[in-house]
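Examining the three-dimensional arrangement
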Amino acid sequence: MRVIMLGAPGAGKGTMSALMEKKYGIVQISTGDILRAEVKAETDLGLKASEFMNRGDLVPDDIILGMMKNRLQKNDCSGGFILDGFPRTLKQAEDLGMMLERLGMGLDAVINLEVPEDLLIRRLTSRRTCSNPSCQAVYNIYTMPPKKEGVCDICGAEIIQREDETEEVIRKRLATYNEKTAPLIRYYSGYDVFFSVPCLEAGETMDKIVERF
Ligand code: ADP
Ligand code: ZN
């Protein structure tokens, strides 16, 4: 099964992708997670990307497309995948379409998660993330705090507020989404595997997604 997960920052792409990974046994590929691991490891790619990420801009298409071309050819993708946070521009969507065609891979679903903007802002400012790049577990100071304050339940590393999750950068990320990524809804709405689903509560959203398969 091959799935694209669309949605604004804070819509729940990561949460829903993780649930689908568990339920269907397909690999979750998050461009945000890959980029943050590169930043943490201080690779050339990471150093270049962090400038854009820290001010709420998108990382340039050529960087992302090179990265994803490699990723989609890895062995673990043969059983299917969920793309979480990619594509994010029309150029990325068009190039992904060509990559998949070349690899002989069709899409089984393009899922658009819908959340009102005020809720997105509330979710993003209350989000905390595990600082361990190979964990990156996500918490919420109100609805899903870690058992011990500031410490990851899973790996014991410190939990932090991402540099791109201050209110100012969040507003910029939402503006970037509206300008560059929201047009993908129109782009994919012509596909018969496209559907939208409200994402207010993870369990309910998962039930609605499962119904479609
Ligand atoms: P969110 O979806 O909550 O904004 P992500 O973890 O998916 O967060 O992405 C964090 C940042 O990484 C984005 O703000 C952007 O700078 C960069 N990024 C992630 N995926 C892409 C992509 N496909 N194209 C360009 N930039 C990306
Ligand atoms: Zn952790």
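Below, the structure is looked at part by part.

Next up on the list: unusual backbone geometry. Residue P87 follows F86 across a cis peptide bond; omega there is 0°. By the element assignment, P87 lies in the loop between strand 3 (81-84) and helix 5 (90-103). Even without being glycine, E42 reaches a positive phi, approximately 55°. With respect to the secondary-structure elements, E42 resides in the loop between helix 2 (31-40) and helix 3 (44-54). A relative accessible area of 60% means that E42 is categorised as exposed. Of note in this structure, Q136 is not a glycine but carries a positive phi near 55°. The topology assignment puts Q136 in the loop between strand 5 (127-130) and strand 6 (138-140). By relative accessible area, Q136 is classed as buried at 12%.

With that out of the way, let us pick up the nonpolar core. One recurring pattern in soluble globular proteins: nonpolar side chains tend to sit buried together. I29, V59, F81, L83, L96 and Y188 are the most contacted members of the largest nonpolar core, which totals 29 residues. When residues of this core are traced back to their parent elements, those giving at least two are strand 1 (2-6), strand 2 (27-30), helix 3, helix 4 (61-72), strand 3, helix 5 and helix 8 (183-188). Among the elements that make up this core, the one with the highest residue count is helix 4 (6 residues). With near-sequence residues (within four places) excluded, L96 lies in contact with I4, L72, L83, F86, P87 and Y188.

Now for the coordination of the zinc ion (ligand 2). Ideal coordination angles are 109.5 degrees for a metal with four donors arranged tetrahedrally and 90 or 180 degrees for a metal with six donors arranged octahedrally. Of the protein atoms, only C130 (SG), C135 (SG), C152 (SG) and C155 (SG) coordinate the zinc ion (ligand 2), at distances of 2.3 to 2.4 Å. Along the chain, the residues donating to the zinc ion (ligand 2) fall in the pattern C-x4-C-x16-C-x2-C. One end of the pair, C130, is in strand 5; the other, C155, is in the loop between strand 6 and strand 7 (159-160), with 25 residues separating them in the sequence. The exposure class assigned to C130 is buried, which follows from its relative accessible area of 3%. Judged by its relative accessible area of 33%, C155 falls in the partly exposed class.

What follows concerns the sheet that holds strand 8 (residues 194-198). A sheet is described by the order of its strands in space; here 5 strands give the open sequence 2-3-1-4-8, paired in parallel fashion. Single-partner strands in this sheet number two, and they are strand 2 and strand 8. Averaged over all pairs of adjacent strands, the angle between their axes in this sheet comes to 20°, without regard to strand direction. Bridge count between strand 4 (residues 109-114) and strand 8: 5 bridges; the pairing is parallel. When the sheet's bridge partners are listed, N112 is paired in strand 8 with S196. Running over the sheet, helix 4 touches strand 2 and strand 3 and is turned about 170° from strand 2.

Let us now look at the packing of aromatic side chains. Counted by the stated rule, this structure contains 4 aromatic pairs. Arranged with centres 5.5 Å apart and planes meeting at 65°, the rings of Y24 and F213 form a pair that is edge-to-face. With Y24 in helix 1 (residues 13-24) and F213 in the segment after helix 9 (202-211), the pair connects residues that are 189 residues apart, well separated along the chain. On the basis of relative accessibility, which here comes to 39%, the residue F213 falls in the partly exposed class. On the numbers, 6.2 Å between centres and 40° between planes, the contact of Y187 with Y191 is tilted. The side chain of K23 reaches across the aromatic face of Y24, ending 6.0 Å from its centre. We note R212 situated over the ring of F195; from NZ or CZ to the ring centre the distance is 4.2 Å.

Quick notes on the rules
- All residue numbers refer to positions counted from 1 along the written sequence of the respective chain.
- Whichever chain is written first becomes A and whichever ligand is written first becomes 1, with later ones labelled in order.
- Local features in this predicted model are restricted to residues whose pLDDT is 70 or higher, and side-chain atom pairs enter the listing and the counts only when it is 80 or higher, whereas totals over whole chains, interfaces and linings include all residues.
- Computation of side-chain values covers all heavy atoms of the structure but excludes hydrogens and water.
- In this text, helices come from DSSP runs of H or I with a minimum length of four residues, and strands from runs of E with a minimum of two, each type numbered from the N-terminal end.
- A simple rule labels every residue: compare its accessible area, found with a 1.4 Å probe on the protein chains alone, to the largest value its type can have, and call it buried under 20%, exposed over 50%, or partly exposed in between.
- Residue types Ala, Val, Leu, Ile, Met, Phe, Trp, Tyr and Cys, when buried and joined through side-chain atoms within 4.5 Å, form a set referred to as a nonpolar core.
- Throughout, a residue-residue contact means that at least one pair of heavy atoms, one from each residue, lies within 4.5 Å.
- Listed donor atoms are N, O and S within 2.8 Å of the metal (Na, K and Ca: 3.2 Å). As water is not included, a site may look incomplete.
- We call two strands paired when DSSP finds no fewer than two bridges between them.
- Axes here mean lines fitted to C-alpha atoms, for a helix over just the part in contact, with angles spanning 0 to 180 degrees between N-to-C directions.
- Pairing of aromatic rings covers Phe, Tyr and Trp, the last through its six-membered ring, and needs centres within 6.5 Å; plane angles under 30 degrees mean stacked, over 60 mean edge-to-face, and all others mean tilted.
- Criterion for a charge above a ring: Arg CZ or Lys NZ at most 6 Å from the ring centre, at most 35 degrees from the ring normal.

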